[in-house]
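Residues per chain are reported as follows:
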Amino acid sequence: MRADREEQQPHHRSDCARKYCTGRLISVLATQSNMLIECHSSNDLLLELINMLHSRSGGVGTSSKSSAGGPRLPLVLQEPSWVLLKFVLFSKLQTDWENFVTVVRLLFTLQSMRALHSVVAKFSKDEQLAWTQKNISECDDFQALLGVTCRELSRLGIHATVGEMDITSYVWSIQSVETNLQSLCVPLLREAVLLGHHMYEKPLPTSPPVSSELAHLAAWLDLVPSSSHTSSSITTVKVLNLPREVLLQFSCDLVSQLPLPRDMPHSPLTDPLMPLVQNWGRPRLLTLPRLYGKLYLHYRHVKCKVCRGVPHDPALCLVCGQLVCVRSQCCQWLNTGECTKHAQKCGAGTAIYLVIMSSTVVIIRGERVYLWGSVYLDQHDEEDIDLKRGKPLYLSETRYNCLNQQWISHSFDHTLKRWGWHQQQF
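So, how was this worked out
- Residues numbered from 1 in each chain as written.
- Predicted model: local features only at pLDDT ≥ 70, side-chain atom pairs only at ≥ 80, totals over all residues.
- Heavy atoms only, no water.
- Helix = DSSP H or I, 4+ residues; strand = E, 2+ residues; numbered from the N terminus.
- Contact = heavy atoms within 4.5 Å.
- Areas by Shrake-Rupley, 256 points an atom, 1.4 Å probe, with all protein chains shown as cover.
- Pairing = 2+ DSSP bridges.
- Phe/Tyr/Trp six-rings, centres within 6.5 Å; stacked < 30°, edge-to-face > 60°.
- Lys NZ or Arg CZ within 6 Å of the ring centre and 35° of its normal.
- 1 Å grid on protein atoms, 1.4 Å probe; cavity = no way out; pocket = protein on both sides within 12 Å on 5 of 7 lines; lining within 4 Å.
- Points joined across faces, edges and corners; volume = space filled by probe spheres on them.
- Nonpolar A, V, L, I, M, F, W, Y, C, P; charged D, E, K, R; others polar.
- Salt bridge = Lys/Arg side-chain N within 4 Å of Asp/Glu carboxyl O.
- Buried < 20%, exposed > 50% of the residue type's maximum accessible area, 1.4 Å probe, protein only.
- Core = buried A, V, L, I, M, F, W, Y, C linked by side-chain atoms within 4.5 Å.
- Disulfide = S-S within 2.5 Å.
- Axes fitted to C-alpha atoms, helices over the stretch in contact; angles between N-to-C directions.
- Parallel < 35°, antiparallel > 145°, perpendicular 65-115°, else oblique.
- Left-handed = near helix turned anticlockwise from the far one by under 90°.

Focus: the overall build of the chain
Okay, so step 1: Broken down by element type, the chain carries 15 helices and eight strands.
Okay, so step 2: A fraction of 67% describes how many contacts in the chain between residues 6 or more apart in sequence connect residues 24 or more apart.
Okay, so step 3: As displayed, the chain offers around 24,100 Å² of accessible surface, 54% of which is attributable to carbon and sulfur atoms.

Here's the deal with the pairing of strand 5 (residues 368-373)
Okay, so step 1: One ladder, built from five bridges, connects strand 4 (residues 360-365) with strand 5; its direction is antiparallel. Note that in strand 5 the partner of Arg 365 across the bridge is Arg 368.
Okay, so step 2: If you look at the hairpin formed by strand 4 and strand 5, you'll find two residues sitting between the two strands, and Gly 366 has a positive phi there, around 70 degrees.
Okay, so step 3: Where strand 5 and strand 8 (residues 420-421) come together, two bridges link them in antiparallel fashion. Looking at the pairing, Val 369 lines up with Gly 420 of strand 8.

Overview of the packing of aromatic side chains
Okay, so step 1: This structure, assessed with the given rule, holds six aromatic pairs.
Okay, so step 2: Taken together through their ring pairs, the aromatic side chains of Trp 97, Phe 100, Tyr 200 and Trp 220 make up a single cluster.
Okay, so step 3: The ring centre of Trp 419 lies 4.5 Å from the NZ or CZ of Arg 368, which sits over that ring.

Examining empty space enclosed by the protein
Okay, so step 1: Counted according to the given criterion, the structure contains one cavity of 30 Å³ or more.
Okay, so step 2: Considering only enclosed or pocket space, the largest cavity measures out at about 40 Å³ in volume.
Okay, so step 3: Looking at the lining of the largest cavity, the elements that each hand over two or more residues are helix 5 (97-120), helix 7 (141-155) and helix 10 (236-240).
Okay, so step 4: In terms of residue class, the lining of the largest cavity is made up of seven nonpolar, two polar and no charged.

As for the pattern of salt bridges
Okay, so step 1: Counting across every chain of the model gives ten salt bridges.
Okay, so step 2: Here Asp 141 makes a salt bridge to Arg 244, at a shortest N to O gap of 2.9 Å. Linking Asp 141 in helix 7 with Arg 244 in helix 11 (residues 244-256), this pair joins segments that are 103 residues apart in sequence.
Okay, so step 3: Classification of Asp 141 by relative accessible area gives partly exposed; the value is 31%.
Okay, so step 4: Arg 244 sits in the partly exposed class, given a relative accessible area of 22%.
Okay, so step 5: Linking Glu 152 and Arg 155 is a salt bridge whose minimum nitrogen-to-oxygen distance equals 3.6 Å.

Here's the deal with the nonpolar core
Within soluble globular proteins, side chains that are nonpolar tend to cluster in buried spots.
Okay, so step 1: In terms of nonpolar packing, the biggest core is built from 63 residues, with Leu 84, Phe 100, Val 177 and Leu 221 touching the most fellow members.
Okay, so step 2: Those elements giving two or more residues to this core turn out to be helix 4 (80-90), helix 5, helix 7, helix 8 (174-200), helix 9 (213-220), helix 10 and helix 11.
Okay, so step 3: With 13 residues, the top contributor of residues to this core is helix 5.
Okay, so step 4: Filtering out sequence-adjacent residues up to four positions away, Phe 100 remains in contact with Leu 84, Val 88, Thr 95, Ala 192, Leu 195, Gly 196, Met 199, Tyr 200 and Leu 221.

So, the state of the cysteines
Okay, so step 1: Applying the stated criterion across every chain, the model contains zero disulfides.
Okay, so step 2: There is no disulfide at Cys 320, and the cysteine sulfur nearest it, in Cys 317, is 3.6 Å away.

Observations concerning the packing of helix 4 against helix 5
Okay, so step 1: Packing of helix 4 against helix 5 leaves a shortest axis separation of 9 Å and a crossing angle of 165 degrees. One way to sum up the angle between helix 4 and helix 5 is to call them roughly antiparallel. When you trace helix 4 past helix 5, the crossing you get is right-handed. For the pair helix 4 and helix 5, the contacting residues are Pro 80, Val 83, Leu 84, Phe 87 and Val 88 in the first and Phe 100, Val 103, Val 104, Leu 107, Leu 110, Gln 111 and Arg 114 in the second.
Okay, so step 2: Across the contact of helix 4 with helix 5, the residue classes break down as ten nonpolar, one polar and one charged.

Section: the packing of helix 8 against helix 9
Okay, so step 1: Two numbers describe how helix 8 lies on helix 9: the axes approach to 9 Å, and their chain directions differ by 30 degrees. When you trace helix 8 past helix 9, the crossing you get is left-handed. Counted together, Glu 178, Gln 182, Val 186, Leu 189, Arg 190, Val 193, Gly 196 and His 197 of helix 8 and Glu 213, Leu 214, Leu 217, Ala 218 and Trp 220 of helix 9 form the full contact between these two elements.

Section: the sheet that holds strand 3 (residues 350-355)
Okay, so step 1: Pairing in this open sheet of six strands is antiparallel, and the strands run 2-1-3-4-5-8 from one edge to the other. Taken across any chain shown, the strands that pair with only one partner, and hence form the sheet edges, are strand 2 (323-325) and strand 8.

Let's talk about the pairing of strand 1 (residues 314-317)
Okay, so step 1: What you see with strand 1 is no split at all: Pro 314 and Leu 316 on one side and Ala 315 and Cys 317 on the other are buried throughout.
Okay, so step 2: Judged from the three bridges that link them, strand 1 and strand 2 form a sheet pairing that is antiparallel. Residue Ala 315 lies in a different strand from strand 2, and its bridge partner there is Val 324.
Okay, so step 3: What sits between strand 1 and strand 2 in their antiparallel hairpin is a turn of five residues, with Gly 321 showing a positive phi close to 90 degrees.
Okay, so step 4: In terms of strand pairing, strand 1 meets strand 3 through three bridges, oriented antiparallel. Within strand 3, the position partnered with Leu 316 by the bridge is Leu 354.

On their own, these measurements won't tell you what the molecule is for.
Below you can see the structure in the form of C-alpha cells.
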C-alpha cells in the first residue's frame, strides 16, 4: 500500500533543489592552487590596497616586489577579477562572509579607479583642461575626483588626439562618464555575486533593470544598505563610500604608478600602457575566412613549429590556431603523433583540427578520433572531401556554429557516435 501511494504521488523537483558543480570545481582548484600560481601575490595586492586607502600620506606599500621576492606589476595594471579568484582559491573556501565582502569592496575600489582612468584618457586635451580649472572645493565628490584625475593624466600627456575622437568624444558629461564607469565596474560585481552564491549558498538576486543593476548587486554584496537596492540614484562613488581626501589621493597614487616617463608627450605608445578595462566574451573557436581558397593558400606554406618544415599534410587547431603535422614521422615522439600530443597540451586530450588538404574537421578525444565532416561547402551546400571536384568552397556558418556549440557544451560524447581508435598515430 505504501509503495502504491509513493508511485501515485508525482515527483516534483524545484529549481532550488538543482545542484551545480561550480562550488566543487572551486574546491578542486583550491587544492591545486599552490602548484598553479604564486601563493602570496593576491595577499600582497590586498595589503597594498589597504595601505594606500588608509594612509593619509599615500603611496605606502607600493613595493614593486612580491613577498616571494620577484618583480610584480604595478597595482594600477592588476586585474581585479583575477585577484578576487586567487583570493578565493588561496583561502581554501574557509573565509567568512565579512572578509569576502571586504575583499570585494577593496577590489571594486581599484576597478573603479582603473575604469575612471580609462574613461578620462578618452577626453580631449581641452576637456581635461576645463575639468582641471574647476574649483574642487565647490564640487561634489565625483566632480572633484574627475577634476583631479584629469589634472594628473594631462601632466602625462594622456588624452585623445584629434584622429582618435569621434562625435561622442565632444559631449562628455557627468551622466555619460557615470554610465561608462558602471559598464566597466558591474562585471566585477557580477563575478563576485556568482562566487558568493556558490561559496555561501546565498540565493541569487533577481534580474534587475539595467538602470539599477549597480545598486542591486552592491546591496546583495552588502556594499550599500539593502534598502537602496532598487534605487537608480546609487552611483559608483556612493558605492565606494570613502572620504573625499582618500579618493583623490588614491587616484593620484595610481596614476603615479603608470610606467611612463613624466615628460613623455602624448603618443600612440601611451595607449597600451593605460589599464585595459573590458568585458570578456564567451570562448569560441577561431574565426575562419569565408573563402576556403584563402585559408588553403595561407596555410599551405606555413612551417610547423616542431619540425621547422612545411607539413606534407597540415592541420589547423581550431582552438588555439597552431599548425601541426598529420600522420607524419617528423614530429612523432615515443610513437605518439603530433596531433595527439597537441591535444593533450591544448585541451587536456581533446582537440579540433581542420585538415587543410581535405577541408575535413577531425576531432581527437583521448585515444579516439572522429571525422566530423567539413564546415566548408560549395554553392549547393555539398562537401568536397579531399578537394577532388575543385569547386569553390564557402564557410557554412550553421555548421561552424554547431561545431562551436558542441565544443562549448562538452557534448562530443553525447552527439557523436561513430568514434574510431587512432592508436597514437594521428
